[in-house]
Each structure stands twice: as structure tokens, then as C-alpha cells.
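Inside the fold
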Amino acid sequence: MSQIIVSGEKRLEGTVDISGSKNAALPILAATVMIDEPVVVKNVPELRDVHTMLSILQRIGKKVSFEHGAVFIEPGDILLGSVPYDLVGKMRASFNLFGPLVMACGWARVGKPGGCNIGQRPVDYHVKGLKRFGLKIVEEHGDVYGELPPEFENTIEYELPFRSVGATEQLMTTAALMEGTEVVIRNAAKEPEIVDLQNFLNKAGATITGAGTNTIHIKGVKKLYGTEYGVIPDRIEAGTYLLAGVITRGSVEVKHVIPDHLEALLNILKEMGTEITVGNDTVRVTAFNKLKPVKVSAKPYPGFPTDLQPIITAVLATIVGESVVEESVFENRFGYVDEMNRMGAQIKVKDRKAYIKGIAKLSGAEINAPDIRAAAALVIAGMAAEGETIVHNAGHIFRGYEKLREKFTSIGAYLRVYPDEE
């Protein structure tokens, strides 16, 4: 069980280089199973979840290497359609291999996935959409088994019941190889990571338009080709470091970012009273002035990101006054609140809303992290707290943040990791 020990009352100041997006890299890597030529994916962060995905690609028959942020993927002798549960159970993104494997092998068997315990995230939307495409799918013994149909319809439309990021990515990727079929996905998720996946697939020979809007159009092609592609920066990592600067009343700049992807966060930070400077690929937030409480609602993109919800809640716990944070995506995302209250925060949760009575100073405590983003929230809360904070079960955080200790140390934080997981 890993621990992160954080020394508090350290004002953070400086610049952080932002890594490639984990949430963009994983579906792109999953899509490579449909390409039987060499592929190079650059700007890939070195994280636990990425290594899990690469292990899966190796187990099903791909030749994989990972050097200096670049993943090199080559076809092996045989591509297997079965993904072992010991790997699938580690993260949800592994289920994105299901449709691509069916298209590449003619069949696939993938276990229902694991991942963070932040609420129900069934793969029903994935399965219903793939069934509408014509795939023959059976769920049994904890696995999902699928086969190609004899042929696909000429035109297929599917409206997602909810703007699910994973389901949008799965359906868009699968449809890319449905030769001769025109597919329309309605009520699609709009996240930048979906646009990145579209750009990757199109560079490999797909014909996809509309990513980033409600409606995505795909004209299935016969073959995808080897390509080289660079993943977009991680907007959630960028937001985390900016918020760490705010909670410590410091001044932090993030480099190598796409500022437009941070718009919802920056709007809230402006409302709070921070000073914001935006460059071509940089954003600096300074929080030397007195800050104001705000209301935040976490929603699908372009709304405020649910992945930053725990982290902004930690910040608001340190701003005197009454703030409200609403979670409209995952029903269990407030699992960290009791731990934050152990640090002196005054937060009450009711009907998927956190009512926060901000206080001047948190106090260090021993606490437990339930998931990736909660771990990040508790770590930055410790940076602002009086005394020392020990975050137990902190290994989650290394699924989402590359070189975490190195980056935080470079801007003035003091934290120790046991055992050293980096």
C-alpha cells in the first residue's frame, strides 16, 4: 500500500511541463489493433494505465516497445481476440479494445472492466451501440463475447442515451472499418480526446467527421494504414497543477497545453478572483489576492470536467464563504469528502451536491484516497494544510499523473512517496 507524505503550507510557484493526455492515448492505442502495419504514437505519458494497455496489446499478439514518450506498435504473427481479465480488471479503458478486436479478428472476448470506484459506469451503451451495428454479442461468465455479422447494413444511425465518452470512442473506432457502411452517431460526447481519436483514425485512412459536435459521421473503409501521430496535452493534469497553485495561494504556469481545452476551468478561476495569463500554449494562474466562493457544476465537455471536481472542491474548502459543487456525471464521485473533512474541511453532501463552508486553514491528517482524482485532491489539500498529511492508498494517483513528485517538487512542494512508484 503506497503512501504520499505531504508537508503543508508551501506556496507553489513556477512552471510545469504538461504530459500527453492519458485519456486520449488509451483509445488511440486500443484502435491500433485494427491496423496491421507499424504505428508510432508520440507524446504518450508513462503511467500505470498506459503500461496496462501496452501489456494487453502484447498479450493479444502485437509487438510493442515504449521509449522516451513514443510507443512503437508492430503486427505480430497471430492476433488473438481474447483479453485476459487480470489485465481488463485494472482499468475501464481496456474495454475499448472490444469492437476493434471484433473487426480485426472476427470475434472477441473481453471481461467487463474494473477501474476507479466513482459510480456506476456500465458498458451497456457500448454493447447496445455495437448490437445496433449488427455485431452478435453475448454476455456470460463476466465476459462480453462478440462476433462479426455476415454483413453490415448500408446505413446505420445510433443515438447514445447519454454522452458517454467511452462509448462514443468505441463506436467511432469500430465503425471506421465497416467497409461500405455509413454510420451516424448522435448525442455523441464532445471531449477533445474524441477529436484527437478522430484525427488519429483519419491519419490512418479512416473517413470520419463531426468529432467535437453532437453528431459524428463515419464512412467505413476497407483498411487502415500505419501512421505516426502525437497525442494532445493532458488538460486534467494541467488543471490539477493550476489548482495546486491556487490552493497554496501561489502562481503556477503550465506549458505545452491547449488553452481552449481549459476554458471551463479558467472561467471558474476568474470568478474566484485569480489572475490569469494565457499564451499560445501556456496558462499562468496567480492567486495572491483574496479569493471568493463560487458555484461549480461538473458536466460533460464543454462543461467543467468531472475529473477536476474533487480538486476544485479541495480549493473551495480553503476559501472563506459558502460554495457549492454539483456532480452530474458520476454519482459516487464525492467518496473523498469524509477524508477531506478529517483535515478540518466543512463539506456536506446531499443529492449529488457538495455544500462547502470554506475555512481559512486545513490541518494535516492521515487520510485514504479512493480513486485517482480524489488522491490528487487530497495531496494538494495537504500542500495547503498546516502540518503534515499522510495519504494512504495513494497508488491510484500514478495511474493519472506522470512524474508527479518531480513536477510538484520543481514548483516548491515537498512530498515523499513510499514505496517509490515513479
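Heads up: these notes are all about the structure in this document. In this text the structure is predicted, and so the values were computed from the model without any measurement.

What follows deals with the pattern of salt bridges. Taken as a whole, this structure holds 16 salt bridges when the rule is applied. Notably, a salt bridge pairs Lys-255 with Asp-17, separated by 3.9 Å at the nearest N-O pair. Highlighted residues: Lys-255 in strand β15 (residues 251–255) and Asp-17 in strand β2 (residues 13–17), separated in sequence by 238 residues. A salt bridge links Arg-235 to Glu-193, with the nearest nitrogen and oxygen atoms 2.8 Å apart. With Arg-235 in helix α8 (residues 235–247) and Glu-193 in helix α7 (residues 192–203), the pair connects residues that are 42 residues apart, well separated along the chain. Taken as a pair, Arg-235 and Glu-193 share a single burial class, namely buried. Among the ionic contacts, a cluster of salt bridges with common partners joins Lys-22, Asp-49 and Arg-399.

Our next topic: helix α1 (residues 22–31). Most of α1 sits inside the fold, with 9 of its 10 residues counted as buried. Turning to α1, its buried residues are Lys-22, Ala-24, Ala-25, Leu-26, Pro-27, Ile-28, Leu-29, Ala-30 and Ala-31. For α1, the N-terminal cap is Ser-21; the gap from its side-chain oxygen to the backbone nitrogen of Asn-23 is 3.3 Å.

Quick look at unusual backbone geometry now. The peptide bond linking Tyr-301 to Pro-302 adopts the cis configuration, its omega dihedral lying at 10 degrees. In this fold, Pro-302 is placed in the loop between β18 (295–298) and α10 (309–316). Geometrically, the link from Tyr-418 to Pro-419 is a cis peptide bond, its omega value of -15 degrees lying close to zero. Among the secondary structure elements, Pro-419 is positioned in the segment after β24 (414–418). Even without a glycine there, the phi angle at His-68 is positive, about 50 degrees. Even without being a glycine, Arg-249 presents a positive backbone phi close to 60 degrees. In this fold, Arg-249 is placed in the loop between α8 and β15.

Calculation criteria
Going along each chain's sequence as written, the residues are numbered from 1 onward. Note on the predicted model: pLDDT of at least 70 is required for a residue's local features to be given, and 80 or more for side-chain atom pairs to be given and counted; whole-chain, interface and lining totals, by contrast, use all residues. Hydrogens and waters are ignored; side-chain quantities use all the structure's heavy atoms. Put simply, a salt bridge is a Lys or Arg side-chain nitrogen that is within 4 Å of an Asp or Glu carboxyl oxygen. Here a helix means four or more residues in a row that DSSP labels H or I, a strand means two or more in a row labelled E, and each is numbered from the N terminus. Note on classification: 1.4 Å probe, protein chains only; a residue is buried when its accessible area is under 20% of the maximum for its type, exposed when over 50%, partly exposed between these limits. Polar contacts, as counted here, are pairs of nitrogen or oxygen atoms within 3.5 Å of one another; within protein the pair requires one atom able to donate a hydrogen and one able to accept it, and residues that are adjacent in sequence qualify only if both atoms are side-chain atoms.

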